[in-house]
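What follows is the residue order along each chain.
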Amino acid sequence: MAYLTFNPPKRPDRGMTTQQNPRLLIAQFGDGYRQRTGDGINTGQKSVTPTWSLLTEAEADMIEAFFDAHKDGTAFDWQPKPGAAVERFALLNGWSRTANSFNNETVTATLTKVFDL
């Protein structure tokens, strides 16, 4: 399956939040002893929260249209920052759009890395 590439009209603002949540299997024993191991081969649950500010209405519409087309969890490729590797994300946690003033809008999304084949 070919994945679409997310090419927003502008780079996201600096200060993008990246959150890492490793997936672990933990066995708890009665004496307080625990065993931990990674859950599968892709244990790194990574989420990013990019924000695009100072967008024109047309630019915000472009970003929102792409997100709307992927709101069913369909994965897409995106390069989070210049020089970084292209990663596969899904729009699992939604997005918001704020109209700050005439032709000045902000879009914020939460994207989760996926490990589709």
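Rules behind the numbers
Residue indices begin from 1 for each chain and proceed along its sequence in written order. Side-chain atom pairs in this predicted model are given and counted only at pLDDT of 80 or more, local residue features only at pLDDT of at least 70, and totals for whole chains, interfaces and linings cover all residues. Excluding hydrogens and water, the side-chain figures rest on all heavy atoms present in the structure. Strand pairing is assigned whenever DSSP identifies at least 2 bridges connecting the two strands. A run of H or I in DSSP counts as a helix once it spans at least four residues, and a run of E counts as a strand once it spans at least two, with each numbered from the N terminus. Axis geometry follows a simple rule: fit a line to the C-alpha atoms, using only the stretch in contact for helices, then measure angles between N-to-C directions, giving values from 0 to 180 degrees. Note on definitions: salt bridges are taken to be side-chain nitrogens of Lys or Arg within 4 Å of carboxyl oxygens of Asp or Glu. The buried label goes to any residue with under 20% of its type's maximum accessible area, the exposed label to any with over 50%, and the partly exposed label to all in between, with areas taken from a 1.4 Å probe on protein chains only.

A. Spotlight on the sheet that holds strand β6 (residues 76-78). Taking strand neighbours across the sheet as the criterion, the five strands line up as β1-β4-β10-β7-β6 in an open arrangement whose pairing is antiparallel. Of all strands in the sheet, those with a lone pairing partner are β1 (17-22) and β6, marking the two edges. Here the strands of the sheet are splayed against their neighbours by 35° on average, with no regard to which way each runs. Pairing between strand β4 (residues 44-49) and strand β10 (residues 111-113): two bridges, direction antiparallel. Bridge pairing in β10 links Val-48 to Leu-111.

B. Focus on the pattern of salt bridges. According to the stated counting rule, one finds nine salt bridges in the structure shown. One salt bridge in this structure joins Lys-46 and Glu-87, with 3.0 Å as the shortest N-O distance. You can see Lys-46 sitting in strand β4 and its partner Glu-87 sitting in strand β7 (residues 87-90), a full 41 residues away along the chain. Neither Lys-46 nor Glu-87 differs from the other in exposure class; each is buried. A salt bridge links Arg-97 to Asp-61, with the shortest nitrogen-to-oxygen separation between them at 2.8 Å. With a gap of 36 residues between them, Arg-97 in strand β8 (residues 95-101) and Asp-61 in helix α1 (residues 57-69) connect regions that are remote in the sequence. The class of Asp-61 is partly exposed, set by a relative accessible area of 36%. Among the charged side chains, a salt-bridge network with shared partners connects Asp-61, Glu-64, Arg-97 and Glu-105.

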